[in-house]
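Letter by letter, the chains look like this.
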Amino acid sequence: AYSPQGKAFWPTGLGALRKVPAVQQAQYVQTSLDNIDLRLVLQRPLTDDEERDVRALAERSLGYPYHFNIVPVPALARTATGKFEEISTQMDVTQ
């Protein structure tokens, strides 16, 4: 991941989102220095309280107040070798 200032870091505690009852699986996808998509496989739609909890847990895990987009998905993709990536970056980091 990258901080909003562009500094690379490896976050810890990413699995914390699974503490929210409706969340089965989560993936963090950084799309810009200040934006993270939270792709969530859900058992059911999030309540308002659960959505607040997801955002708070994500911010605590990453240590920065990113703008978090919650994106419900039916499943999360794996790599060709079957690996699940809990966090990925989908932005140009060569700047």
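A few points on the structure. (Residues numbered from 1 in each chain as written. Predicted model: local features only at pLDDT ≥ 70, side-chain atom pairs only at ≥ 80, totals over all residues. Heavy atoms only, no water.)

## Details of the nonpolar core
Filter applied, for reference: Only buried residues count toward a nonpolar core, which is a set of Ala, Val, Leu, Ile, Met, Phe, Trp, Tyr and Cys residues joined through side-chain atoms within 4.5 Å. Exposure categories follow from relative accessible area, calculated using a 1.4 Å probe and restricted to protein chains: below 20% of the type maximum is buried, above 50% is exposed, and the middle band is partly exposed. In this description a helix means any DSSP run of H or I spanning at least four residues, a strand means any run of E spanning at least two, and both kinds are numbered starting from the N terminus.
Judged by nonpolar contacts, the single largest core of 20 residues is most densely connected at Leu17, Val23, Tyr28, Leu38, Leu40, Val54 and Leu62. Looking at this core, the elements with two or more residues in it are strand 1 (23-32), strand 2 (35-42) and helix 1 (48-62). Here this core takes four residues from helix 1, the largest share from any one element.

## With respect to the side chain of Gln30
The condition is simple: Nitrogen and oxygen atoms within 3.5 Å of one another constitute a polar contact, given that in protein one can donate a hydrogen and the other can accept it, and given that sequence-neighbouring residues count only through two side-chain atoms.
Structurally, Gln30 can be placed in strand 1. A distance of 3.2 Å separates the side chain of Gln30 from the backbone oxygen of Ser32, its partner in a polar contact.

## So, helix 1
Applicable threshold: Helix span is expected to be 1.5 Å times the residue number reduced by one. It is the directions from the helix axis to the C-beta atoms whose arc is reported. Note on definitions: a residue-residue contact is assigned when non-hydrogen atoms from the two residues lie within 4.5 Å.
Its 15 residues place the ends of helix 1 21 Å apart at the C-alpha level, agreeing with the 21 Å of an ideal helix rising 1.5 Å per residue. Within helix 1 the residues assigned to the buried category are Glu50, Val54, Leu57, Ala58, Ser61 and Leu62. Take helix 1 and look down its axis: the buried residues cluster within an arc of 120 degrees, on one side only. Turned more than 90 degrees away from the buried face of helix 1 sit Asp48, Arg52 and Arg60, all of them exposed. Looking at the buried residues of helix 1, the elements they touch are strand 1, strand 2, strand 3 (67-72) and strand 4 (87-89). Positive phi appears at Gly63, one or two residues downstream of helix 1, with a value of about 80 degrees.

## Quick word on the pattern of salt bridges
Stated precisely, the cut-off is as follows: Just to be clear on terms, a salt bridge is a Lys or Arg side-chain nitrogen sitting within 4 Å of an Asp or Glu carboxyl oxygen.
Inspection of every chain in the model, using the stated rule, returns four salt bridges. Asp49 is the salt-bridge partner of Arg52, the closest N and O atoms lying 2.2 Å from each other. Here Arg52 and its partner Asp49 are both found in helix 1, three residues apart, which amounts to about one turn of the helix. The closest approach of N and O atoms between Glu51 and Arg55, which form a salt bridge, is 2.9 Å. A residue pair is termed a helical-turn pair when its members lie 3 or 4 positions apart in one helix, as Glu51 and Arg55 do in helix 1 at four residues. Glu51 sits in the partly exposed class, given a relative accessible area of 29%. Arg55 gets classed as partly exposed once you look at its relative accessible area, which sits at 30%.

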